[in-house]
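# Examining the three-dimensional arrangement
Here are the chains, one letter per residue:
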Amino acid sequence: MTVRLHWFLPTGGDGRTLVDRHAYGPAEARRATGVRAPDIEYLAQIAKAAEQLGFEAVLTPTGTWCEDAWLTTAALAQHTERLKFLVAFRPGLLSPTLAAQMAATYQRVTRGRLLLNVVTGGDSAEQRRFGDHLDHDQRYARTDEFLSVVRGVWRGEPYDFRGAHYQVEGGLAVLPPDPVPQLFFGGSSPAAGPVAARHADVYLTWGEPPAQVREKTDWIRSLAEREGRTVRFGIRLHTISRDSSAEAWATAQRLLDDLDADTIAAAQAALGRSESVGQRRMLELHGGARDRLEIHPNLWAGVGLVRGGAGTALVGSHAEVADRIEEYHSLGIEHFVLSGYPHLEEAYWFGEGVIPELAARGLLKRQVPADGVPLLAAGGR
């Protein structure tokens, strides 16, 4: 099992700070120095850099504060040749039959470069913005039905389904996707685990310390075995990789120094209202305190002081970051979905520093593109 590396597209805006300064946020945030709008030209720079450096795919988020993932990545596919797009979307906000059809079209338009990240949603306030009023566990029950319909429709013959949330008669993708997109799925709650076991190709966890990651993967693996399935595993992390450990930690400290106590308190209060079990686990890693942020060697929880979702970063020299990736890989983690601030520069720091380290350890395979020039790659088409 080789390591498969993916990067991130900041479709809500980017910059040299951890503070959430979204493209659609308050006017004063949008005017802040160094904030980069998520225009197609900038996102294309990141996508091209990721492709050139050897990342297999880029994750595009979903939600109020970012551009639509389907439309943005379809546009970026025209600026790239090999790069895949891990498109995040929320079941329940569109018909499962339509989603199956969209995925099939996307595969034909991009010649097979679609991966799907299923985001059930852990914040009821965010869900209500889109007209969704189900509670946490009901959303996972709906996701279970949604994915059953999607996979059924992809068979290429009329498919009927009757459940609590969907009733489909003769659902059909006349031309099924080729290849069928891999489904990435995350969730740490008791309601999420069985859904992942039944439907996920890759179970994606946020970057907790290795011991906690092992507990989670053991849990999902055992649930999948009961379903007669095998699930692969991935992890979502930020990175700060430099030529020396001191340089990397100085960068982390600079990001931390940019955060005042009021900003952290406000962010922690907002994140604490989330229904997401995974988000609660992220908050428990640091408890809102600045003085205990290295929660495992080279694993820094500072990002989670002010940002939701993935709240930890691998921080260190290129060799140290490679060590931590190798440690997670030894637990069965295959996919690493990475990011950094700003995303363009950090892609190069990681791509030119850590990827050669991983290749030297035999964790990456070589991809040969159409021009015949070998490229170190985390996976391949």
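Residues numbered from 1 in each chain as written. Predicted model: local features only at pLDDT ≥ 70, side-chain atom pairs only at ≥ 80, totals over all residues. Heavy atoms only, no water.

Moving on to the overall build of the chain. If you tally the helices and strands in the chain, you get 13 helices and 15 strands. In terms of C-alpha radius of gyration, the chain reaches 20 Å, essentially the compact-globule figure of 21 Å for 381 residues. Each principal axis of the C-alpha distribution contributes one length, and for the chain these read about 60 × 50 × 45 Å. A total of about 15,700 Å² of accessible surface is found on the chain, and carbon and sulfur atoms cover 50% of it. In the chain, which carries 41 positive and 47 negative side-chain charges, the distance between the mean positions of the two groups comes to 3 Å. (Helix = DSSP H or I, 4+ residues; strand = E, 2+ residues; numbered from the N terminus. Rg over C-alpha atoms; globule rule 2.2 N^0.38 Å. Areas by Shrake-Rupley, 256 points an atom, 1.4 Å probe, with all protein chains shown as cover. Lys, Arg positive; Asp, Glu negative; His and termini not counted. Charge placed at Lys NZ, Arg CZ, Asp CG, Glu CD.)

Moving on: the side chain of Thr-11. Considering the arrangement of structural elements, one finds Thr-11 in the loop between strand 1 (4–8) and helix 1 (27–30). Its relative accessible area of 0% is what places Thr-11 among the buried residues. Not counting chain neighbours up to four residues away, the residues in contact with Thr-11 comprise Pro-38, Leu-43, Thr-60, Pro-61, Cys-66, Glu-67 and Thr-72. (Buried < 20%, exposed > 50% of the residue type's maximum accessible area, 1.4 Å probe, protein only. Contact = heavy atoms within 4.5 Å.)

A word on the pairing of strand 8 (residues 202–206). Remark: a regular strand shows side chains that alternate across the two faces of the sheet. Across the 5 residues that make up strand 8, a large majority, 4, are buried. Pairing geometry for strand 7 (residues 183–185) and strand 8, over 2 bridges, is parallel. Following the sheet pairing, Phe-185 is matched in strand 8 by Tyr-203. Tracing the backbone out of strand 7, into helix 7 (residues 192–199) and back to the parallel element strand 8 gives a crossover that is right-handed. Bridge count for strand 8 against strand 9 (residues 232–242) is 5 bridges, and the pairing is parallel. Bridge assignment links Thr-205 to a residue of strand 9, and that residue is Ile-235. (Pairing = 2+ DSSP bridges. Right-handed = clockwise from strand over helix to strand, strands pointing away.)

Alternating positions in strand 5 (residues 159–162) separate cleanly, Tyr-159 and Phe-161 being buried on one face and Asp-160 and Arg-162 remaining unburied on the opposite face. Looking at chain direction, strand 5 and strand 6 (residues 167–171) are connected through 3 bridges and run antiparallel. Among the inter-strand pairings, Arg-162 is bridged to a residue of strand 6, identified as Gln-167. Between strand 5 and the antiparallel strand that follows it, strand 6, lie 4 residues.

This part takes up the environment of Ala-164. Mapped onto the fold, Ala-164 is located in the loop between strand 5 and strand 6. Classification of Ala-164 by relative accessible area gives exposed; the value is 68%. Separated by 23 residues in the primary sequence, Ala-164 and Ala-141 have C-alpha atoms spaced 8.8 Å apart.

What follows deals with the environment of Ser-95. Relative to the helices and strands, Ser-95 is located in the loop between strand 3 (84–89) and helix 4 (96–110). Placed 108 residues apart in sequence, Ser-95 and Tyr-203 show a C-alpha to C-alpha distance of 23 Å. At 3.2 Å, the side chain of Ser-95 forms a polar contact with the backbone nitrogen of Thr-97. (Polar contact = N/O pair within 3.5 Å; in protein donor to acceptor, adjacent residues only side chain to side chain.)

This part covers the confidence of the model for the chain. Mean pLDDT over the chain: 91, with 92% of residues reaching 70 or higher. The model gives residues 368–374 a pLDDT under 50, and that stretch makes 5 contacts with residues more than four places away or in other chains. Here residues 377–381 scores under 50 on pLDDT; set against residues more than four positions off or in separate chains, the count is 25 contacts. (pLDDT = per-residue confidence, 0-100.)

The next point concerns the packing of helix 12 (residues 318–330) against helix 13 (residues 343–360). Contact geometry of helix 12 with helix 13 gives a least axis separation of 9 Å together with a crossing angle of 60°. With respect to helix 13, the element helix 12 is oriented oblique. As for the relative orientation of helix 12 and helix 13, their crossing is right-handed in sense. Between helix 12 and helix 13, the residues in contact are His-318, Ala-319, Val-321, Ala-322 and Ile-325 and Trp-349, Phe-350, Gly-353, Val-354, Glu-357 and Leu-358, respectively. (Axes fitted to C-alpha atoms, helices over the stretch in contact; angles between N-to-C directions. Parallel < 35°, antiparallel > 145°, perpendicular 65-115°, else oblique. Left-handed = near helix turned anticlockwise from the far one by under 90°.)

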